[in-house]
Amino acid sequence: SLFNSGSENQLVEENYRYNSQIDIKNQIIPYQGEAPYSRLALVEGSISDNGCEIVAVNNAMNLAGYSTSMANLIYAFEISGAVIGGNGTLVGGALGSNPYSLPKVFNTLGLMYKEVSIDQMSANGIYIMSFWNSQDVDSMIHTIAIKKTDAGYELYNRKSTYSEDDLNIDVSDLSEYENGF
């Protein structure tokens, strides 16, 4: 679509050079809204407000044992067309990424994936889940990584800012998120 067309323009290349200088490699990102994570550029903004899909992919890849680079992931999102509204559009990337476009990113990165329903997330594994923040009509979505073990679910980047209580929280089920999934 017009909003998810992908780009290899000058801004994408500038963002990649900038992000490479402050790159975050091979680590779980527990919250995207504070430094050093918040300084990473995404289209015309930063990942602090609209980079949760990128953070979720980073965290899921780390949990699965892959090497990661946030500079490379952001670049993959920008060139694959997963970011909603690129440079020069009215949106300018301010709405983050379209979770339905994650397969484009996975294909760009050569990652295998399977789409599942919330009911199928009872098996141990690593998942990426998007859900509505609230039932309000102007609500935005948030995307997180989840690791399911026999002990329950570990949720990563549930909140955008640091709070010890929200850091990789454990829940016994996903019912709190089911209505917005």
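Everything numeric here is computed off the predicted structure, so don't read it as measured data. (Residues numbered from 1 in each chain as written. Predicted model: local features only at pLDDT ≥ 70, side-chain atom pairs only at ≥ 80, totals over all residues. Heavy atoms only, no water.)

Caption draft 1: Molecular detail of the overall build of the chain. Helix and strand counts for the chain stand at six helices and six strands. When the helices and strands of the chain are listed from N to C terminus, the series reads α-β-β-α-α-α-α-β-β-β-β-α. Considering the chain as a whole, with its 181 residues, one finds that 46% of them fall into the buried category. Taking as baseline every contact in the chain between residues at least 6 positions apart, the subset at least 24 positions apart corresponds to 54%. (Helix = DSSP H or I, 4+ residues; strand = E, 2+ residues; numbered from the N terminus. Buried < 20%, exposed > 50% of the residue type's maximum accessible area, 1.4 Å probe, protein only. Contact = heavy atoms within 4.5 Å.)

Caption draft 2: Examining helix H4 (residues 70–80) more closely. Across the 11 residues that make up H4, a large majority, eight, are buried. Of all the positions in H4, only Met70, Ala71, Leu73, Ile74, Ala76, Phe77, Glu78 and Ser80 are classed as buried. Residues of H4 that are buried in the fold lie against helix H1 (10–21), strand E1 (41–42), helix H2 (47–50), helix H3 (52–63) and helix H5 (102–109).

Caption draft 3: Representation of the nonpolar core. Ranked by size, the top nonpolar core spans 23 residues in total, and within it Leu42, Ile47, Ile54, Val57, Met70, Ile74 and Phe77 carry the most contacts. Listing elements by their share of this core, those giving two or more residues are H3, H4 and H5. If we skip the residues at most four places from it in the chain, Phe77 touches Glu53, Ile54, Val57, Ala82, Val83, Ser97, Leu102 and Val105. Listed in part, the 10 residues of the second largest apolar core include Ile118, Tyr127, Met129 and Ile146. (Core = buried A, V, L, I, M, F, W, Y, C linked by side-chain atoms within 4.5 Å.)

Caption draft 4: Examining the packing of aromatic side chains more closely. Applying the stated rule across the entire model yields three aromatic pairs. Considering the side-chain rings of Tyr16 and Tyr75, the 5.0 Å spacing of their centres and the 55° angle between planes classify their relative orientation as tilted. Of this pair, Tyr16 sits in helix H1 while Tyr75 sits in helix H4, and the two are 59 residues apart along the sequence. Given the relative accessible area of 29%, Tyr16 is considered partly exposed. Pairing Phe106 with Tyr113 gives two aromatic rings, centres 5.2 Å apart and planes at 45°, and the pair type is tilted. When the ring centre of Tyr153 is taken as origin, the NZ or CZ atom of Lys148, which lies over that ring, is 5.5 Å away. (Phe/Tyr/Trp six-rings, centres within 6.5 Å; stacked < 30°, edge-to-face > 60°. Lys NZ or Arg CZ within 6 Å of the ring centre and 35° of its normal.)

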